[in-house]
Amino acid sequence: MAASTAPSHLLPRPTPLSSSSSLSPHRFLLLSPSPSSAAAPLRRISRLRLVASAAAGGGAGAKPTVLVAEKLGAAGLELLREFANVDCSYNLTQEELCTKISLCDALIVRSGTKVGREVFESSKGRLRVVGRAGVGIDNVDLAAATEHGCLVVNAPTANTVAAAEHGVALLAAMARNVAQADAALKAGKWQRNKYVGVSLVGKTLAVLGFGKVGSEVARRAKGLGMHVIAHDPYAAADRARAIGVELVSFDEALAAADFISLHMPLTPSTSKILNDEAFAKMKKGVRIVNVARGGVIDEEALVRALDSGNVAQAALDVFTEEPPAADNKLVLHENVTVTPHLGASTVEAQEGVAIEVAEAVVGALKGELAATAVNAPMVPAEVLSELAPFVVLAEKLGKLAVQLVSGGSGVKSVKVTYASARAPDDLDTRLLRAMITKGLIEPISSVFINLVNADFTAKQRGIRIIEERVVLDGSPENPLEFIQVQIANVESKFASAMSETGEISVEGRVKDGIPHLTKVGSFQVDVSLEGSLILCRQVDQPGMIGTVGSILGEQNVNVSFMSVGRIAPRKHAVMAIGVDEQPNAETLKKIGQIPAIEEFVFLKL
Ligand SMILES: NC(=O)C1=CN([C@@H]2O[C@H](COP(=O)(O)OP(=O)(O)OC[C@H]3O[C@@H](n4cnc5c(N)ncnc54)[C@H](O)[C@@H]3O)[C@@H](O)[C@H]2O)C=CC1
Ligand SMILES: O=C(O)C(=O)COP(=O)(O)O
C-alpha cells in the first residue's frame, strides 16, 4: 500500500500504569497499526505504522508536500525530494506561513521560525509533522502541536560538536579579547596593553546543563587544562565522573566558577535562570558564555552585572530576541563578544542536521518510527514489532466497548486490565493505551486520534483511563495474555455485555497473530476481530447458528467466524458472529425477530 494512502495512527509514550497522564515534551515515536481493512489482513501485519498519513489532504497517490521554511543542507533536500514535493520558501512572514501551511503535510524549520498555535490552527489538520533542523524546540508550540495531533521531530545529535566547538571558540576568544582586538586593529589601532587577556589553564569552568553539548564542552575544556564542574539536576553522576567532571549544586557552581558556560534548554524553569540574584552569587570578575538560548539569561541583569564589573566579560551566541535590536546593550557592550546564533553553523553540522531531520520527517510521513520525536513517546522497534497485534486488539476492544454504550457518549471512566506473565516493568503499555483511546473516541467524535494526542484528547473529553496489571504465572514469552476493557457507570444497548460488577466489559487475546474477542460481559466467546460483528443473546437451543447463518446468507453476507458462549446448557448463550459485509437493516430486523433471540447488536470493527 502506498504510504500516501495508508491510514495512520500514533501511539503514546511510556508512563506508569496509572492514568491517562498528559504527554510531556520528551523523545518519542509514533505508530499506527497497519491498515485493519479487509485489504490488509491482520495476518500480514509485520510492524506498526507511525504517525501520519502521507496523503493527508493530498488524495490517494499524491505526494506529500513539505514546506522548508529555513535554509537546509542539500543532502537533506535531496532526501526530501525523493519522497515529497518540496517547497523551499524562506523568510516567510507569520501570515504567509499560516496561509501556506494549509497546503503542507510537513514543515521544516530552524531556530528562526516561530511555529506557534496559529500555525497549527491554520493548517486545518493537514500538517502532520514539524521537523526542527536542530536541537532547541523552544520556537515550536509543543502543546499546540500535540493538541492538533502533529508530531514534532528534531535533529538532536548532528550539531552537538559544532555547538560545543563554538562554545569553546567563544570561551577562548573572550578570554583573549580576540574580537575586540581584531576590530581595533582593523580600525588602525595597535593596542597591545589594552587587550591583555586571562588564562584558561587552571581556572574553574562551571558547565550549566550537562547534556550533549555541555559534556562535549567539558571534555574540551579539560583538554585546555581547566578544572570543570557541572550543574545539571538530571545528569548521571557516573557519566560526569567518566570525563572527570564533578556534579555540584547550582549555587556551588555559581560560587566556584571563573567561567560559566550555559548549555540547558530554554524552558519555563530555565528562563532567566541567570538573573540579578544568580549574578550576586558569582565570583567577582566571572566570565560567561552562552551558546544555549538567550532567554536563559535575564539580559538586563547581565548588563547591570557587566556595568558593575561583577561579570567581567560575556560571550553570547544567542539572544532573547533574534536578531537583537540595533541598540541592544549587550551587543554593543565593549566587554561582550557576540555572534549571530552560529553555534550549529558549520558545513558539517548543517549537512548532518539536514539529513537527520529529513530522514525523521520522511519516516514520519511514511508512518515509520520517529526516533527523534519530541512530543510523543519513543518505543524501541523490537517492542513495537512484538506489540503490533496487541495494538490492533487494543483499538478494536476500545471500539467495541464504546459501541456497546447506549447513547454513544457519556464515557468517563474506563478500566483497562493487561494480563501478562511479564514483570510489570517489562511491558510498555503506552501504545496500547493510545490505541484503546483511539478506539473509544473515534467512533463517537470527529477527532483524529494518534499517538501524539491520545492522552491529551482523553483528558480533554473527561475520560479517565485507569490501567491495571494482572501478573500471571507461566511463560513470559508473549507480552500479553489478554486485554480487558471495561466502561463503568454507563448502560449498555446489549445487556449481556455487562459484567457481574456492572461495567460494560470486553476481553480479547491474540491467537496466531490475530486479535480475537474472547469474552463479552460474563460470556466466553471466540471470534476473530476482522470485518464486523453481530452479538446475539439467545435461549441456548439447537439450530440457532443455522437460522442466523441462513438469514445472513440470503443477503449474501459472508460469515467469517461464529462462536457461542453459554453459562449453562439450554439456558442463555451469547453468539458472536463475524461478518465481512454490513447486513442491511432488513436482515438485522429478521435476526431480531427470531423468537429465541433475546437481544442483539451489530458492531463495526
Ligand atoms: N547556539 C546554537 O546554535 C546551538 C544551541 N543549542 C542549544 O544548546 C542547548 C543544549 O543542547 P543539547 O546539549 O543538545 O541538549 P541536551 O538535551 O542534550 O542537554 C540539555 C541538558 O540541560 C539539562 N537541564 C535541563 N534543565 C536544567 C537546569 N535547570 N539546570 C541545569 N541543567 C538543566 C538537561 O538535563 C540536559 O542534560 C539547547 O538549548 C540547544 O537549543 C544546541 C545546538 C546549537
Ligand atoms: O540546534 C539548536 O538548538 C540551535 O540553536 C541551532 O539553531 P539553528 O538551526 O542554527 O537556527
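About the cut-offs
Residues numbered from 1 in each chain as written. Chains lettered and ligands numbered in written order. Predicted model: local features only at pLDDT ≥ 70, side-chain atom pairs only at ≥ 80, totals over all residues. Heavy atoms only, no water. UniProt positions renumbered as here; feature names shortened; annotations may be inferred. Pairing = 2+ DSSP bridges. Helix = DSSP H or I, 4+ residues; strand = E, 2+ residues; numbered from the N terminus. Axes fitted to C-alpha atoms, helices over the stretch in contact; angles between N-to-C directions. Buried < 20%, exposed > 50% of the residue type's maximum accessible area, 1.4 Å probe, protein only. Right-handed = clockwise from strand over helix to strand, strands pointing away. Near = heavy atom within 4 Å. Polar contact = N/O pair within 3.5 Å; in protein donor to acceptor, adjacent residues only side chain to side chain. Contact = heavy atoms within 4.5 Å. Core = buried A, V, L, I, M, F, W, Y, C linked by side-chain atoms within 4.5 Å. Expected span 1.5 Å × (residues − 1). Parallel < 35°, antiparallel > 145°, perpendicular 65-115°, else oblique. Left-handed = near helix turned anticlockwise from the far one by under 90°. Nonpolar A, V, L, I, M, F, W, Y, C, P; charged D, E, K, R; others polar. Areas by Shrake-Rupley, 256 points an atom, 1.4 Å probe, with all protein chains shown as cover.

Naming follows an unreviewed UniProt entry, where the chain appears as D-3-phosphoglycerate dehydrogenase of Ananas comosus. We quote the UniProt Sequence similarities (unreviewed entry) comment for the chain here in full: "Belongs to the D-isomer specific 2-hydroxyacid dehydrogenase family." Quoted verbatim from the Pathway (unreviewed entry) heading of the UniProt record, the comment on the chain is "Amino-acid biosynthesis; L-serine biosynthesis; L-serine from 3-phospho-D-glycerate: step 1/3."

Across the sheet, which stays open at both edges, the six strands sit in the order β14-β13-β15-β16-β17-β18 with mixed pairing between neighbours. On the outer flanks of this sheet lie β14 (464-471) and β18 (523-528), each paired with one strand and no other. When the angles between neighbouring strand axes are averaged without regard to direction, this sheet yields 20 degrees. In terms of strand pairing, strand β15 (residues 482-488) meets strand β16 (residues 504-511) through five bridges, oriented antiparallel. Across the sheet, Val485 pairs through a bridge with Val506, a residue of β16.

Taken across its six residues, strand β11 (residues 311-316) has six buried, putting it largely inside the fold. With respect to chirality, the unit in which strand β10 (residues 286-290) leads through helix α11 (residues 299-308) into the neighbouring parallel β11 is right-handed. For β11 and strand β12 (residues 336-338), the ladder comprises three bridges, and the chain directions are parallel. By the bridge assignment, Ala315 is partnered in β12 with Thr337.

With that settled, consider the site of ligand 1. Every one of the 26 residues lining ligand 1 counts as a neighbour, but Lys212, Val213, Asp232, Val291 and Asp317 are closest to it. Take Val213: an N or O atom from its main chain is 2.7 Å from an oxygen atom of ligand 1. In this structure, an oxygen atom belonging to ligand 1 sits 3.3 Å away from a side-chain N or O atom of Arg293.

Here we come to the sheet that holds strand β1 (residues 65-68). Here we have five strands laid out as an open sheet, ordered β2-β1-β3-β4-β5, and parallel in their pairing. The two strands at the open ends of the sheet, each matched to only one other strand, are β2 (85-88) and β5 (151-154). Averaged over all adjacent pairs, the angle separating strand axes in this sheet is 20 degrees, with direction ignored. Each of β1, β2 and β3 (106-109) touches helix α2 (residues 94-101); the most contacted strand, β1, lies at about 170 degrees to it. Here helix α13 (residues 347-366) sits on the sheet and contacts β1, β3, β4 (129-132) and β5; the angle it forms with β4, its principal contact strand, is near 170 degrees.

Counting 79 residues, the largest nonpolar core has Leu80, Ile483, Leu517 and Leu535 as the members making the most contacts within it. Counting residues per element, this core draws most heavily on helix α14 (residues 381-403), at 10 residues. Those residues in contact with Ile483 that sit more than four places away from it in its chain are Phe390, Leu393, Ala394, Leu397, Val416, Thr417, Tyr418, Leu432, Ile436, Val506, Glu507 and Gly508. By size, the runner-up hydrophobic cluster in this structure holds 32 residues, among which are Val248, Val286, Leu302 and Ala314.

Another point: helix α7 (residues 212-223). With 12 residues, α7 ought to run about 16 Å at 1.5 Å a step, and its terminal C-alpha atoms sit 17 Å apart, in line with that. Among the structural elements, α5 (160-175), β6 (204-208), β7 (227-231), α8 (237-242) and β9 (259-262) are those in contact with the buried residues of α7. Two residues or fewer past α7, Gly225 is found with a positive phi of approximately 85 degrees.

Between helix α1 (residues 74-83) and α13, the shortest axis-to-axis distance is 7 Å and the interhelical angle comes to 20 degrees. Taken together, α1 and α13 sit at an angle that is classed as roughly parallel. As α1 runs across α13, the sense of the crossing is right-handed. Here Ala74, Ala75, Gly76, Leu79, Leu80 and Phe83 of α1 come into contact with α13, specifically with Glu351, Ala354, Ile355, Ala358, Glu359, Val361, Val362, Leu365 and Lys366. Classifying every residue of the contact of α1 with α13 gives 11 nonpolar, one polar and three charged.

This brings us to unusual backbone geometry. With an omega of -5 degrees, the peptide bond running from Glu322 to Pro323 counts as cis. Mapped onto the elements, Pro323 comes out in the loop between β11 and α12 (329-332). One non-glycine residue, Asn91, adopts positive backbone phi at about 55 degrees. If you trace the backbone, Asn91 turns up in the loop between β2 and α2. Judged by its relative accessible area of 73%, Asn91 is exposed. In the Ramachandran plot, Asn177 falls in the positive-phi region, its phi being about 55 degrees despite a non-glycine side chain. With respect to the element layout, Asn177 can be found in the loop between α5 and α6 (178-186).

On to the site of ligand 2, then. Ligand 2 sits among Arg110, Ser111, Arg132, Ala133, Gly134, Val135, Gly136, Asn159, Arg293, His341 and Ala344. A distance of 3.5 Å separates an oxygen atom of ligand 2 from a polar atom in the backbone of Ala133. Between Gly136 and ligand 2, the recorded distance is 2.7 Å, taken from a backbone N or O atom to an oxygen atom. Surface burial for ligand 2 is 91%, taken as the share of its 320 Å² of free accessible area covered by protein chains. Among the residues forming the shell around ligand 2, the class breakdown is three nonpolar, five polar and three charged.

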